[in-house]
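Survey of secondary and tertiary structure
So the chains spell out like this:
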Amino acid sequence: MVDFGHSDDPRVQAQLDRLAALSVPQGRLGLETITALMDRLGNPHRKLPPVFHVAGTNGKGSTCAFLRAMLEADGKRVHVTTSPHLVRYNERIRIAGKLIEDGPLAQLLEEVLDASQDGGEDLAPSFFEVTIAAAFLAFSRTPADACVVEVGLGGRFDATNVLEPEALAACGIAALGLDHERFLLAPEEGVPTEPMARIAFEKAGIAKKGVPLVTMGGRYPHEARAAIADYAERASTRLFEFGQDWAAGFERHSDTDWEFYFSQGSTGRFAIPELALGGHHQLENAGLAISMLLRQDKISVSQDALVTGAGKASWPARFQLLSSGPLTDLAKGRRIIVDGGHNPSAGKALAGQLVEPVYLILGMLANKDPSAIVDAIGGEIWETTIVPVPGHESHTVDAFHESAKASPNLVKAIKAVPSMQKEENPFDILIAGSLYLAGEALRLNDEVPD
């Protein structure tokens, strides 16, 4: 499912309409088209500041947020491209710290789409290929100190993997899990057949000769870790793994005294502040970002900036507590938490952040496992209401436990939640199951990411 986005600016909307009309909106396997498109645009991917390239099933967006925050804490100007967007397509392209504005965005998309149709042959690029081409073109035209690039799907054949070794400062692989199986587990000769090993193999496809590759190695199943190590050796890259070459975590000295830390080889150990991003798993995402920055030699970043950035990084719709707004006003005094998690690994991480039962409002795309979130949270659910994901084919209430209820939309689902008047029902409302549903919640609450 692709959310092509909508814009109040008619110039942007005209180009988004062209994107929606592309022949392969879901993407493709292979780098031939993006390579040809880059060539027609003058190969902007070869004119970028040092790039930090991040893959993974879960946590890669958070890792990118930590990288950006740490680099900016050191005074660096940073370009960023991530996906998907939550509310506006503009969120996918951040130029020197600021989201791209509508006018330049419309011009970039038009230029890329026109180039794809020039030369007597229509390259027929995918939605994501056009997006990445536009991002790299914008980055090549504005001075900056670094780029942070999030892989869209997989790694080996992802459009971002058009990046060459000379452009890269470091590559990273965040947490792994089963997702996008139709693409990433497609039969192919000469690749691992065990599912997690194959997923790891695809993510490791971003590894480049001479470029440090930092991973969550110690957190992966043995077969996944082995697949990455084998790929890294064949790619002649330096591999740095969690648990062996670096670590990040916390030590509990008392009920009220916790120490968060990062440690790595000769750099020793230093303290990390409490993170703005919720969940202990975010400590490891922060550690992945720190290790990527410390293992490369193309750009210097002070330890103070690493620490400051770790504490300041934010990433919308990752266990995000909504502020006061139109949606929270309907919640009868209850807090609303939004999380875009949609696969079993994300469900497990989400469950680890809950301290008491929640009223779950769940919307999941039809191509996702309907049990991924519910099974992981289990006994921490007070009640479950199933809602559709706007603009996307999603699971109906029939795909869930018989006790689940149905509601036609988020607003009506929240209005139906019991009031906060009874002491025995002090639960929060959790909206989860899809980043697209999370984006809808942010939009309805007037919390558009900036």
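Quick summary incoming for the structure in this document. (Residues numbered from 1 in each chain as written. Predicted model: local features only at pLDDT ≥ 70, side-chain atom pairs only at ≥ 80, totals over all residues. Heavy atoms only, no water.)

1. Here we look at the overall build of the protein chain
The cut-off we apply is this: For helices the rule is a DSSP run of H or I covering at least 4 residues; for strands it is a run of E covering at least 2, with both sets numbered from the N terminus onward. What the globule rule says is 2.2 Å times the number of residues to the power 0.38, and the radius of gyration is computed from C-alpha atoms. For every residue, the accessible area obtained with a 1.4 Å probe (protein chains only) is divided by the maximum for its type, and the residue is called buried under 20%, exposed over 50%, and partly exposed between those limits. Here a residue-residue contact requires only that any non-hydrogen atoms of the pair lie within 4.5 Å.
What the protein chain contains, in helices and strands, is 14 helices and 17 strands. Since a compact globule built from 450 residues should have a radius of gyration of about 22 Å, the 22 Å found for the protein chain is in line with a globular shape. Principal axes of the C-alpha set define a box for the protein chain whose edges measure 65 × 55 × 45 Å. Per-residue burial for the protein chain yields a buried fraction of 56% across its 450 residues. By sequence separation, contacts in the protein chain at least 24 residues apart represent 75% of the contacts at least 6 residues apart.

2. What to know about helix α8 (residues 222–234)
Formally: A helix's residues, less one, multiplied by 1.5 Å, set its expected span. To obtain the arc, one takes the directions from the helix axis to the C-beta atoms.
Between its first and last C-alpha, α8 extends 18 Å over 13 residues, near the 18 Å set by a 1.5 Å rise per residue. For α8, the complete set of buried residues consists of Ala224, Ala227, Ile228, Tyr231 and Ala232. Down the axis, α8 shows its buried residues gathered within 130 degrees of arc, on one side only. Residues of α8 that are exposed and angled more than 90 degrees away from the buried face: His222, Glu233 and Arg234. Contacts from the buried residues of α8 go to β6 (168–173), α7 (195–204), β7 (213–215) and β8 (239–241). Ser236 lies just past α8 and shows a positive phi near 60 degrees.

3. Quick word on unusual backbone geometry
Omega for the peptide link from Ser83 to Pro84 comes to -5 degrees, which places this bond in the cis form. Checked against the element boundaries, Pro84 lands in the loop between β2 (78–81) and β3 (93–95). In this model, Ala317 sits at a positive phi of 65 degrees, which is unusual for a non-glycine residue. Within the secondary structure, Ala317 sits in the loop between α10 (303–312) and β12 (320–321). Overall, the relative accessible area of 0% leaves Ala317 in the buried class.

4. So, the pattern of salt bridges
When the charged atoms of two side chains lie near each other, side chains of opposite charge can form a pair. Rules: Definition used for salt bridges: Asp or Glu carboxyl oxygen within 4 Å of a side-chain nitrogen of Lys or Arg.
Overall, the coordinates contain 15 salt bridges when judged by the stated rule. Of the charged contacts, one joins Asp428 and Arg335 as a salt bridge, the two residues approaching to 2.9 Å between their closest N and O atoms. Of this pair, Asp428 sits in strand β17 (residues 428–432) while Arg335 sits in the loop between β12 and β13 (336–338), placing them 93 residues apart in sequence. Classification of Arg335 by relative accessible area gives partly exposed; the value is 43%.

5. A short note on the sheet that holds strand β11 (residues 268–272)
Heads up, the condition is: Following DSSP output, two strands are said to pair if at least two bridges run between them. Comment: axis = line fitted to C-alpha atoms, over the contacting stretch for helices; angle = value between 0 and 180 degrees taken between N-to-C directions.
The 3 strands are arranged β9-β10-β11 in an open sheet whose pairing can be described as antiparallel. The open sheet terminates on both sides in strands that have one partner only, identified here as β9 (247–252) and β11. Mean inter-strand twist for the sheet, computed between neighbouring axes without regard to direction, equals 30 degrees. Bridge count for β9 against strand β10 (residues 258–264) is 6 bridges, and the pairing is antiparallel. Paired with Ala248 across the strands is Phe262, a residue of β10. Seen against the sheet, helix α9 (residues 281–295) touches β9, β10 and β11 and runs at an angle of roughly 30 degrees to β10.

6. Comments concerning the state of the cysteines
Note the cut-off: In this description, a disulfide is simply a cysteine sulfur pair whose atoms lie within 2.5 Å.
According to the stated counting rule, one finds 0 disulfides in the structure shown. Among the cysteines around Cys64, which has no disulfide bond, Cys171 carries the closest sulfur, lying 12 Å off.

7. Regarding the environment of Glu233
Of note, Glu233 is situated in helix α8. Judged by its relative accessible area of 63%, Glu233 falls in the exposed class.

8. Side note on the pairing of strand β5 (residues 146–150)
Taken across its 5 residues, β5 has 5 buried, putting it largely inside the fold. Of the two faces of β5, both are covered, the one formed by Ala146, Val148 and Glu150 as well as the one formed by Cys147 and Val149. Examined bridge by bridge, strand β1 (residues 51–55) and β5 share 4 bridges and lie parallel to one another. The residue of β5 that forms the bridge with His53 is Val149. Two elements, β2 and β5, share 4 bridges in a ladder whose sense is parallel. If you follow His79 over to β5, its bridge partner there is Cys147.

Everything listed here is a matter of coordinates, which is why it stays silent on function.
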